[in-house]
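# Descriptive analysis of the structure
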Amino acid sequence: MKAPVRITITGAAGQIGYAVLFRIANGDMLGPEQPVILQLLDLPQAQQMLRGVRMELEDCAFSLLQQVTITDDPKIAFQDTEIAILIGARPRSKGMERKDLIEANGAIFSEQGKLLNQYAARHVKVLVVGNPANTNALIAMKNAPDLEPRNFSAMMRLDHNRAIAQIALKLFQPIRDIKKMVIWGNHSGTQYPDLDHAEIRGRLVRDILTYQRENETSVGQEWIEREFIPTVQNRGAAVIEARGLSSAASAANAAVAHMHDWMLSSHHNDWVTMSVPSDGSYGIPEGVIYGFPVTCKQGLYQIVQGLGISALGRKHMEESYRELIEEREHVKHLLR
Ligand code: NAX
């Protein structure tokens, strides 16, 4: 039996927490041979709920789950952790401006960055889910100077999966055949879902869309701009409208997939979207956490290089970058 991996989940008593824990304990994230220890953090007022969640985890009798710790003390939750999924964040309340939300959550992520720096395993990998995820990840990374910046990421996988699903529905094609989707930028309404490189069994999705419409090239482009891009960009709001609650199971699924691929490997001849520290690739300067196409192998990711970007794509990518710079401005006092 392998040694167990210590995994911290913050906001574990929340809705995404409730959906993600059982998947992780079942082996969906790290595979069927990898035992896990769960270190669950939530606020003091959520501890009773967390006790109930732990009871349910026990009642599943997962063979891979070695131990569950519940706590409201981040030092305990981050002790020796090897994977930290940071979900806990303050929701936007009525009348609260985006700027205020960024600041309120910034305080949480700067504190958690410092504590990760102090208590986590040196090889800890961090996935930030709590919004604004990209900027929160930047704050945590900057406050953890002794940890590897490349080990900090924010979640764009839900957006990536949403985009694939829209193509599958539009073209009546199986999900597994749709490859090479990308979501560039920020996890927000400015993100750029880019299907210029997407393929189905080796054929460009763009060509299939055009073919479907009897060679009217403009129709494919019109669908991309008027339906595909806004649908993916606004999917979170559409789910809230329909369900009365924000995406939870699909967000949890995306977090599991993000970590699975990063820790083990992304699929051969495909890539995934991760928000990672920008390194100048595609003209996005260093200093933000930005959605890029990446391939992963056993704990390392690489940004896919050399993709052509259309004029429309460039416009969207720059807009999303500018938004990240604005967000960064609001929290610059938290970036050391
Ligand atoms: P919930 O409100 O159901 O749960 C959040 C939990 O976090 C609560 O139990 C709360 O007590 C806890 N919490 C708050 N501050 C904390 C702190 N300082 N330390 C530890 N725990 C803390 O929200 P949920 O639906 O689970 O969503 C969580 C976050 O994910 C939100 O910020 C949400 O906006 C974000 N999302 C991000 C997505 C992404 O793709 N990156 C998609 C889904 C989701 O909207």
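Quick notes on the rules
Residues numbered from 1 in each chain as written. Predicted model: local features only at pLDDT ≥ 70, side-chain atom pairs only at ≥ 80, totals over all residues. Heavy atoms only, no water. Helix = DSSP H or I, 4+ residues; strand = E, 2+ residues; numbered from the N terminus. Rg over C-alpha atoms; globule rule 2.2 N^0.38 Å. Buried < 20%, exposed > 50% of the residue type's maximum accessible area, 1.4 Å probe, protein only. Contact = heavy atoms within 4.5 Å. Areas by Shrake-Rupley, 256 points an atom, 1.4 Å probe, with all protein chains shown as cover. Lys, Arg positive; Asp, Glu negative; His and termini not counted. Charge placed at Lys NZ, Arg CZ, Asp CG, Glu CD. Axes fitted to C-alpha atoms, helices over the stretch in contact; angles between N-to-C directions. Parallel < 35°, antiparallel > 145°, perpendicular 65-115°, else oblique. Left-handed = near helix turned anticlockwise from the far one by under 90°. Nonpolar A, V, L, I, M, F, W, Y, C, P; charged D, E, K, R; others polar. Pairing = 2+ DSSP bridges. Right-handed = clockwise from strand over helix to strand, strands pointing away. Salt bridge = Lys/Arg side-chain N within 4 Å of Asp/Glu carboxyl O.

### Some details on the overall build of the protein chain
- A count of helical and extended segments in the protein chain gives 11 helices and 14 strands.
- Rg of the C-alpha trace for the protein chain: 20 Å, near the compact-globule value of 20 Å for 336 residues, within the 12% margin.
- For the C-alpha atoms alone, the extent of the protein chain along its principal axes is close to 60 × 45 × 40 Å.
- Within the span of the protein chain, comprising 336 residues, buried residues form 54% of the whole.
- In the protein chain, 73% of the contacts between residues at least 6 apart in sequence involve partners at least 24 apart.
- Only carbon and sulfur atoms are counted for the fraction: they give 50% of the accessible area of the protein chain, which is about 15300 Å².
- Side chains of the protein chain give 36 positive and 38 negative charges; the mean places of these two sets differ by 1 Å.

### Regarding the packing of helix α1 (residues 15-25) against helix α2 (residues 47-59)
- As a packed pair, α1 and α2 sit with axes 11 Å apart at the nearest point and diverge in direction by 30°. Considering the angle they form, α1 stands roughly parallel to α2. The interaxial crossing formed by α1 with α2 has right-handed handedness. Each of Y18, L21, F22 and A25 in α1 lies in contact with α2, whose residues at this interface are V53, E56 and L57.
- A per-class count over the contact of α1 with α2 returns six nonpolar, no polar and one charged.

### Observations regarding the pairing of strand β1 (residues 5-10)
- For β1, the tally of buried residues reaches five of six residues, placing the bulk of the element in the interior.
- With six bridges connecting them, β1 and strand β2 (residues 36-41) associate as parallel partners. For V5, the partnering residue across the bridge sits in β2 and is V36.
- Viewed along the sheet, the connection from β1 through α1 into β2 turns out right-handed.
- Note: β1 against strand β4 (residues 83-86), four bridges, orientation parallel. By the bridge assignment, T8 is partnered in β4 with A84.

### Things to note about the side chain of D270
- Mapped onto the elements of the fold, D270 is located in the loop between α10 (249-263) and β12 (272-277).
- Buried within the structure, D270 lacks any salt-bridge partner; K179 is the closest side chain of opposite charge, at an N-O distance of 4.8 Å.

### Observations concerning the environment of Q67
- Inspection of the secondary structure puts Q67 in strand β3 (residues 65-71).
- Sequence spacing of Q67 and Q39 is 28 residues, and the spatial spacing of their C-alpha atoms is 8.3 Å.
- Ignoring sequence-local partners within four residues, the contact set of Q67 consists of V36, I37 and L38.

### Some thoughts on the pattern of salt bridges
- Counted by the stated rule, this structure contains seven salt bridges.
- Its salt-bridge partner being D196, residue R206 comes within 2.7 Å of it at the nearest N-O pair. On the criterion of sequence distance, the pair formed by R206 in helix α7 (residues 205-212) and D196 in the loop between β9 (192-194) and β10 (199-200) is long-range, its members being 10 residues apart.
- The partner of K332 in a salt bridge is E329, and the shortest N-O contact between them spans 3.0 Å.
- What makes E329 partly exposed here is its relative accessible area of 43%.

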